[in-house]
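# Commentary on secondary and tertiary structure
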Amino acid sequence: FESHQKEVFRMTQGIRSVAVLGCGQMGTGIAQCIARDARRNVFLHDSDQKQLVRALQKLNAWAELQVSRNKWTEEEAGTFLKRIIAAGSLKDVDQTDFVIEATVEDFQEKSKLFKTTCEFLKDKPEVIIATNTSSLSITRLAETTDRPSRFCGMHFFNPVPVMKVVELVRGAQSTQETVETTASMAQIMGKSVAFVQDSPGFVSNRLLMPYINEAALAVHEGLASVADIDHIMREGCRMPMGPLELADFIGLDTCLAIMRTLGELGETKFAVAPSIVELVKERKLGKKTGQGFYAYT
Ligand code: CAA
């Protein structure tokens with residue numbers, strides 16, 4: 001155990017600053033763990049300034065809550081907040097030693113971002129880029145960068161500060177060192193690591209999305225109400241959230257994007273429930289937009 005800890009320390013000691021690209025709920029949670037658990041500086045970037053401001057407010061509020069609950073002193077909260085730096089521009093990635101991408105689940109959007117990121121990182125070929133994609137091919141994403149050997153999947157779960165595992169996905173060209181450094185990063189962020197193959201949806205979403213989709217189909221068929229389906233799964237199967245509440249929590253646009261990637265497996269069992277497609281079309285994306293399977297006030 002001690003020698004493992006030493007190895008994790010060795011692999012991560014050169015990483016002083018981490019860039020997080022994308023400040024949605026996943027990016028914000030990832031930043032929180034980098035500053036809180038890994039105790040590294042984190043450069044937060046989002047092309048949408050409002051999203052960046054919201055992320056900073058959320059992290060501030062969380063630190064204040066720790067103080068008001070006597071979990072942290074003012075000084076500890078200050079140290080945590082000082083580690084979080086709003087990146088004025090994407091160019092600031094050149095001041096970091098490790099990059100975690102957590103933007104929308106869209107291949108084209110991610111590859112566009114990687115292209116620009118790599119331009120700013122051209123003098124730092126050693127920097128690893130890890131993607132938090134929940135379903136897309138790591139090998140194909142890696143090919144859109146200038147460093148496929150220093151690229152891999154690092155899939156977190158929502159809420160990131162609470163969920164304790166990361167799916168680590170190796171691309172066809174990822175080196176052993178890339179995988180081990182990324183695994184060590186996950187560990188200093190307080191996560192255990194599960195190694196999975198590069199396949200649509202990896203393990204988590206290969207299993208989770210058909211479950212959510214089946215719940216949406218059950219609504220569509222009038223099997224039971226949204227609330228009753230969730231109630232059954234919470235109280236009868238001890239799920240912390242029902243499947244439809246969970247879909248709203250993840251975001252229905254994200255669920256739909258993942259389900260479409262699972263469709264690449266070419267099996268009819270992955271056909272998407274019409275209610276999910278409809279809700280996304282109406283921009284009822286779940287908790288984040290105030291309406292999904294449920295209404296949020
Ligand atoms: N950020 C930070 N901390 C959070 C949080 C958040 N968003 N939400 C909850 N917490 C913390 C709370 O502060 C609390 O911590 P303290 O004990 O220090 O006070 C703790 O978590 C428990 O929270 P609550 O008591 O408020 O709520 P709860 O007990 O009902 O738990 C939950 C909330 C953890 C979200 C729980 O409902 C749960 O586990 N839900 C299932 C979530 C899940 O399945 N996530 C995976 C989604 S799939 C995914 O992410 C992958 C993908 O690719 C789609």
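Residues numbered from 1 in each chain as written. Predicted model: local features only at pLDDT ≥ 70, side-chain atom pairs only at ≥ 80, totals over all residues. Heavy atoms only, no water.

In the annotation of an unreviewed UniProt entry, the entry for the protein reads 3-hydroxybutyryl-CoA dehydrogenase, and the organism field reads Porphyridium purpureum. What UniProt states about the protein under its Pathway (unreviewed entry) heading is, verbatim, "Lipid metabolism; fatty acid beta-oxidation." (UniProt positions renumbered as here; feature names shortened; annotations may be inferred.)

What follows deals with the side chain of histidine 155. Along the chain, histidine 155 falls in strand E6 (residues 151-155). Polar side-chain contacts of histidine 155 include one of 2.7 Å to the side chain of glutamate 167. (Helix = DSSP H or I, 4+ residues; strand = E, 2+ residues; numbered from the N terminus. Polar contact = N/O pair within 3.5 Å; in protein donor to acceptor, adjacent residues only side chain to side chain.)

Neighbouring the ligand are 16 residues, the closest being Arg69, Lys71, His155, Asn158 and Asn205. Within the side chain of lysine 71, one N or O atom sits 2.9 Å away from an oxygen atom of the ligand. In the model, an oxygen atom of the ligand is placed 2.7 Å from a nitrogen or oxygen of the histidine 155 side chain. Its free accessible area being 1100 Å², the ligand has 59% of it covered by the protein chains. Looking at the shell around the ligand, the elements that each hand over two or more residues are helix H8 (204-220) and helix H10 (243-250). Of the residues belonging to the shell around the ligand, the class tally is 10 nonpolar, 4 polar and 2 charged. (Near = heavy atom within 4 Å. Areas by Shrake-Rupley, 256 points an atom, 1.4 Å probe, with all protein chains shown as cover. Nonpolar A, V, L, I, M, F, W, Y, C, P; charged D, E, K, R; others polar.)

Further remarks concern the pattern of salt bridges. This model, assessed by the stated rule, comprises 16 salt bridges. Taking the shortest distance from any N to any O, the salt bridge between aspartate 37 and arginine 36 comes out at 3.0 Å. Among the ionic pairs, lysine 281 bridges to glutamate 278, the shortest N-O distance being 3.8 Å. Of this pair, lysine 281 and glutamate 278 are both found in helix H12 (residues 274-281), 3 residues apart, which corresponds to roughly one turn of the helix. (Salt bridge = Lys/Arg side-chain N within 4 Å of Asp/Glu carboxyl O.)

UniProt's feature table lists "domain: 3-hydroxyacyl-CoA dehydrogenase C-terminal" (unreviewed entry) at residues 201-296, given in the numbering used throughout. Taken end to end, residues 201-296 comprises 58% helix and 0% strand; its first and last C-alpha atoms sit 28 Å apart.

Right, let's get into helix H3 (residues 49-68). With 20 residues, H3 extends 29 Å between its outermost C-alpha atoms, agreeing within 8% with the 28 Å of an ideal straight helix rising 1.5 Å per residue. For H3, the full list of buried residues reads Leu52, Ala55, Leu59, Trp62, Ala63, Gln66 and Val67. Angularly, the buried residues of H3 cover 145° about the axis, an arc narrow enough to put them on a single face. Across from the buried face of H3, at angles greater than 90 degrees, the exposed residues are Lys50, Glu64 and Ser68. Where the residues of H3 are buried, they touch helix H2 (25-38), strand E2 (41-45), helix H4 (74-82) and strand E3 (84-86). The backbone nitrogen of lysine 50 lies 2.9 Å from a side-chain oxygen of the residue at the head of H3, namely aspartate 48. Asparagine 70 lies just past H3 and shows a positive phi near 60°. (Expected span 1.5 Å × (residues − 1). Buried < 20%, exposed > 50% of the residue type's maximum accessible area, 1.4 Å probe, protein only. Arc of directions from axis to C-beta. Contact = heavy atoms within 4.5 Å.)

Scanning the model with the defined rule gives 4 aromatic pairs in all. Each ring, one from tryptophan 62 and one from phenylalanine 80, has its centre 5.4 Å from the other, and the planes form 55°; the classification is tilted. Linking tryptophan 62 in helix H3 with phenylalanine 80 in helix H4, this pair joins segments that are 18 residues apart in sequence. Taking the relative accessible area as the measure of exposure, phenylalanine 80 reaches 1% and is therefore buried. Summarising the aromatic geometry, the rings of phenylalanine 114 and phenylalanine 151 are spaced 5.3 Å apart at their centres and angled 90° between planes, so their arrangement reads as edge-to-face. Remark: phenylalanine 151 occurs in strand E6 and phenylalanine 114 occurs in helix H5 (residues 107-120); sequence separation between them is 37 residues. Neither phenylalanine 114 nor phenylalanine 151 differs from the other in exposure class; each is buried. The structure contains a cluster of three or more aromatic residues connected by ring pairs, namely Trp62, Trp72 and Phe80. (Phe/Tyr/Trp six-rings, centres within 6.5 Å; stacked < 30°, edge-to-face > 60°.)

Right, let's get into the sheet that holds strand E7 (residues 165-170). The strand order across the open sheet built from 8 strands is E3-E2-E1-E4-E5-E6-E7-E8, with neighbouring strands paired in mixed fashion. The two strands at the open ends of the sheet, each matched to only one other strand, are E3 and strand E8 (192-196). Adjacent strand axes in the sheet meet at a mean angle of 25° when their direction is disregarded. Where E6 meets E7, 4 bridges bridge the pair, whose relative direction is antiparallel. Each bridged residue has a counterpart across the sheet, and for cysteine 152 the counterpart in E7 is arginine 170. Those strands touched by H2 are strand E1 (17-21), E2, E3 and strand E4 (98-101), and its axis lies near 165° from that of E2. H5 rests against E1, E4, strand E5 (128-131) and E6 of the sheet, and its axis sits at about 165° to E5. (Pairing = 2+ DSSP bridges. Axes fitted to C-alpha atoms, helices over the stretch in contact; angles between N-to-C directions.)

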